[in-house]
Amino acid sequence: ARDGVGNDECSYSYDTPWSEDGLYINLKTFRGVGREWLLGDTVASGCILYAYSTWRRVPKETLPSEKKEDPERLGLGIEGGFVTEDDMYHVEKENGLAVIMEDERIEKIKMPCNEIPEFITMIIKSILNHTGGSLPSSAIEQWTVDDGPPPISKYAQNLPEIPNPPRLSADPKTWKCGLSGDTENLWLNLSTGYVGGGRDQSAFGGPKGSNGALIHFQQTGSKYPLVVKLGTISKAGGEVFSYAPDEDCRVEDPQLADHLARFGIEIMRLSKTEKTTAELEVDTNAKFEWSAIAEAGEKLVPLSGPGLIGLVNLGNSCYMNSVVQLLLASTPIAQRYNSSIIQQAIAAQTNPSSDLLLQTAKILSALNSDRYAKPSSLLLEESGQVLSNSEYTTKSRLSTHIATKIKAARISPRTFKAAFGNNHIEFSTGQQQDAAEYFSWILELLTRAEHATSPNGTSSARLFTFGLEERTECTTSKLVRYRDSTNTRIDLPVPVPEEGPHPKRTKVTDDNDIIPNDQSIKNMLHISFESCVAAWIADSYVEDFYSTAIKRKGPAKRRTRLSSNPPFLVIKLNRYYVDLNTWEPKKLDVRVQMPEILDISDFKAPQHPADEGLLPEDDEAPTSNSSALIPDDSILNQLVAMGFDENGCRRACIATNNAGAEAAMEWVLTHSSDPDFSSPIIAQSTTPMKSGPDETAVAEMASLGFTPDQARAALTACDGSKERAADWLFSHMDDLDAACAAVMGAGGVTPATSAQSIPDIDNTSDCTKYSLVGFISHIGKNTGSGHYVAHIRKPGHGFVIFDDEKVAQSRKPPLDLGYIYLYKRNA
């Protein structure tokens, strides 16, 4: 067996053995090929022999759910968890040899067959039995969010207690919250005997609550942290929670029986009457299954068809799925990455696993076709009855024909994730990631790949690229300086008062179908979009700016504005921050009502006043070795591990002279809202090299897809630094030849001659009006956990929710709870 054997999926599409025509595996290249691309692969590879594999689902006579009790754990394919769809069917497999005839017919010979030569049979068996190229099924089919047993609270041993506490009534009907009078979701404080309501988790499908128990903890000086949920107490124990800031989680109290005895509660006599939080999570997930995903209590209508196809969650891959749907909504990219790129890849016989252009075309063209859609015609049972979405999940057994077609109509983006995550320290893992950083990473890799194949072509990133004008005014001389740069995203600050509420949220996992609604988040703080814009355009103040007018450092004020209007505008709301006390990433639970029609006039740079004086350009600040300072890797890695943008972390290291992680962190927190925080550092050489660039370095830069002349220009501009030269090249992609010519002199660079792939990208338009195309929302405490969902505007449907595989027409899209917003210029 070899690595890279494609026996589970087509290299050029998402056909699998479940597909109607099955999957063919080339006996020469060992690549999987779907029926659509089979003849082209035969011509390109010169091979006419293929192994084929066709699988069918056959319903089991007895449903697993008929033998099991209701689920008790939030998990799939595990003991006590939900029954998976695969538990309901047997799998019948047909394997054999396929021969492509001269007239393009396909002759199939089913195995076992004595007419097939023994060595061919051996090769086919080895190919079909190979598992090295597949993701182990257990990694997907078994999933759980159990955190294991709760830790023992350090406060339990010497729990502070008040003398003569009140005794709890033996009649549960008399129990009520001391704050609101609620009679459900009640918690008893184990120190004071106070009964209060639990946290309100209705925004995420959990129980309602008054927060009375938490408020009591805060009002009593945060001295009495442990509470137990009434109704969960039995001889086996009870659900105990600690409000202590250093625990703030479900805990175990070994002395629970003794603590309860003070209130007249004999634990051995009690039986459990209410569900624990873990059991409520199971209920929540069952409630929000596909047949009844709700926004404000309304059922959503499932959708399917071209552009209305979901993506399989590979385990914490919802960030990727949401970003891909946003890319698909960027129409020029979707049009660019079509089947013609796949045809070129087949003809060239490139390595599919590392071909980024192929992987992008593969996933976007599949999402835009009807090949993997679930139209209503697929959901007709033999009786002719149309099945509801709940009926073709785990609640009903279907016929072999329908069950197999539903299994085949899936897009599992494993090869896309592997290609774009290759060698990346975060995106190559199975952990949850920041969707905004992933979007930027995809654009960066696509830019490199596009340039390598078409050096003079227009990169996809240019669709989102806008100019930034930075104006710095020396407050002493009143003279100004302008600097230009580019970026592909506006990071919009969210100005929240320090006393703003941060409601506690329920545990959220990557498979929850939970969409916040207006009723359940009414207590969230409202922040106006206008105040966010005002914070972005506000002047910042620089204390140590070197003024070439007064020949010394002094105070200055700085502002940044847009200098161009890109075809598409990406805005990220800075909802996430780092707690200065714990250095933990956290989320601002606020509502920002983003406009569906956006006018960016307030973002735009005004015309320069005619009487404005400019700072001299020929007398820069004294330089030293620190001008070529390289960020310290250890400091940089610490900051990046906390979830900050890598370019911003590089700026922090340089700005603080690599003084240490703490100093760099303070700089990041102060400057994270700067418009150029995430922009690449464009380092210009102040001293020309005495000789030409090192040819070894030129060769290394050229290996990235640039011409030797372009590599020499970049190395010349960056004084021979390869790292800075790479940043310089990618930051000048929009007009690279002109930038290189400016460095080397006219005629110093030989222009590439490839045609542009995306024509008519106009970044000089005067139109300032944009319409909202879609947005990505995040549920969870920080970007490294929780769940991502995309809402995309689709013709004829309004906003459509894309929750991994689940696609439905949205009734109340949470425009005020989004994280990343995509706008399209109106003209």
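The written sequence of each chain sets the order in which its residues are numbered from 1. Per-residue local features are limited, in this predicted model, to residues with pLDDT of at least 70; the limit for side-chain atom pairs, both in listing and counting, is 80 or more; totals at the level of whole chains, interfaces and linings are taken over all residues. The side-chain numbers reported here are obtained from all heavy atoms of the structure, hydrogens and water having been left aside.

(A) Layout of helix H10 (residues 356-367). With 12 residues, H10 should cover 16 Å at 1.5 Å per step; its first-to-last C-alpha distance of 17 Å lies within 8% of that length. Of all 12 residues in H10, 12 are buried; the element is thus mostly enclosed. Leu356, Leu357, Leu358, Gln359, Thr360, Ala361, Lys362, Ile363, Leu364, Ser365, Ala366 and Leu367 are the residues of H10 that are buried. Throughout, a contact is declared for two residues whenever any of their heavy atoms are within 4.5 Å. A run of H or I in DSSP counts as a helix once it spans at least four residues, and a run of E counts as a strand once it spans at least two, with each numbered from the N terminus. In the core, the buried residues of H10 are packed alongside helix H7 (318-329), helix H8 (331-336), helix H9 (339-348), helix H12 (414-421) and helix H13 (435-453). Here a polar contact means two N or O atoms within 3.5 Å. Within protein one must be a hydrogen donor candidate and the other an acceptor candidate, and residues neighboring in sequence count only if both atoms are side-chain atoms. The distance from a side-chain oxygen at the start of H10 to the backbone nitrogen of Leu357 is 3.2 Å, and the residue carrying that oxygen is Asp355. Here the expected span of a helix is defined as 1.5 Å times the quantity of residues minus one. Each residue's exposure class comes from its accessible area (1.4 Å probe, protein chains only) as a fraction of the maximum for that residue type: buried when under 20%, exposed when over 50%, partly exposed otherwise.

(B) Spotlight on the pattern of salt bridges. The rule for a salt bridge is simple: a side-chain nitrogen of Lys or Arg has to be within 4 Å of a carboxyl oxygen of Asp or Glu. Enumeration according to the criterion identifies 23 salt bridges in this entry. Among the salt bridges present, the one from Lys572 reaches Asp491, with a minimum N-O distance of 3.8 Å. One end of the pair, Lys572, is in strand E22 (residues 568-573); the other, Asp491, is in strand E18 (residues 490-492), with 81 residues separating them in the sequence. Here Arg712 and Asp709 are joined by a salt bridge, their closest N and O atoms 3.3 Å apart.

(C) Structural context of the packing of aromatic side chains. Aromatic contacts are taken between Phe, Tyr and Trp rings whose centres are within 6.5 Å, Trp giving its six-membered ring; a plane angle under 30 degrees counts as stacked, one over 60 as edge-to-face, and the others as tilted. Applying the stated rule across the entire model yields 15 aromatic pairs. Each ring, one from Trp18 and one from Trp55, has its centre 5.5 Å from the other, and the planes form 90°; the classification is edge-to-face. With Trp18 in the segment before strand E1 (23-26) and Trp55 in strand E3 (residues 49-59), this pair connects stretches of sequence that are 37 residues apart. Taking relative accessible area as the criterion, Trp18 reaches 11% and is therefore assigned buried. Accessibility expressed as a relative area gives 22% for Trp55, which makes it partly exposed. Seen from their ring centres, Phe217 and Tyr243 are 5.7 Å apart, and the 35° between their planes marks the pair as tilted. Pair noted here: Phe217 is in helix H4 (residues 212-219) and Tyr243 is in the loop between strand E11 (240-242) and strand E12 (249-251), with a separation of 26 residues, a long-range link. With relative accessibility at 4%, the residue Phe217 sits in the buried group. One aromatic cluster is present, formed by Tyr319, Phe427, Tyr438 and Trp441 through successive ring pairs. Charge-over-ring contacts are defined here by two conditions on Lys NZ or Arg CZ: a distance within 6 Å of the ring centre and an angle within 35 degrees of the ring normal. Cation over ring: Lys93 sits above Trp55, and NZ or CZ is 4.2 Å from the ring centre.

(D) Inspection of the pairing of strand E6 (residues 106-110) at higher detail. As paired strands, strand E5 (residues 89-100) and E6 are joined by 5 bridges and run antiparallel to one another. Bridge pairing in E6 links Ala98 to Lys108. Pairing between two strands requires that DSSP report at least two bridges joining them. Counting the residues between successive antiparallel strands, the hairpin from E5 to E6 contains 5 residues, one of them, Glu104, with a positive phi of roughly 75°.

(E) Structural view of unusual backbone geometry. With an omega of 0°, the peptide bond running from Met111 to Pro112 counts as cis. Here Pro112 is to be found in the loop between E6 and helix H2 (118-129). Located in the positive-phi region is Phe30, a residue other than glycine, with phi close to 65°. Within the secondary structure, Phe30 is located in the loop between E1 and strand E2 (32-33). Its identity as a non-glycine residue notwithstanding, Glu104 has a phi of 75°, on the positive side. Along the chain, Glu104 falls in the loop between E5 and E6.

(F) Inspection of the sheet that holds E2 at higher detail. Within the open sheet, the 5 strands sit side by side as E2-E1-E3-E5-E6. Their pairing is antiparallel. Looking along the sheet, the strands with just one partner apiece sit at the ends: E2 and E6. Bridge count between E3 and E5: 11 bridges; the pairing is antiparallel. By the bridge assignment, Arg57 is partnered in E5 with Val91. In this analysis, axes come from line fits to C-alpha atoms, helices being fitted only over the stretch in contact, and the angle between any two N-to-C directions falls in the range 0 to 180 degrees. Sitting on the sheet, H2 touches E1, E3 and E5, and the angle it makes with E3 is about 50°. Those strands touched by helix H11 (residues 400-408) are E3 and E5, and its axis lies near 120° from that of E3.

(G) Structural context of the sheet that holds E12. Taken together, the 5 strands give an open sheet; going across it, the order is E9-E8-E10-E11-E12, and neighbouring strands pair in antiparallel fashion. Each edge of the open sheet is held by one strand with a lone partner, namely strand E9 (195-197) and E12. Strand-to-strand twist of the sheet, defined as the mean angle between neighbouring strand axes without regard to direction, takes the value 40°. Relative to E11, strand E10 (residues 226-229) runs antiparallel, the two sharing 3 bridges. Directly across from Val228, in E11, lies its bridge partner Val240. The strands touched by H4 are strand E8 (186-189) and E9; relative to E9, the strand with the most contacts, the crossing angle is about 120°.

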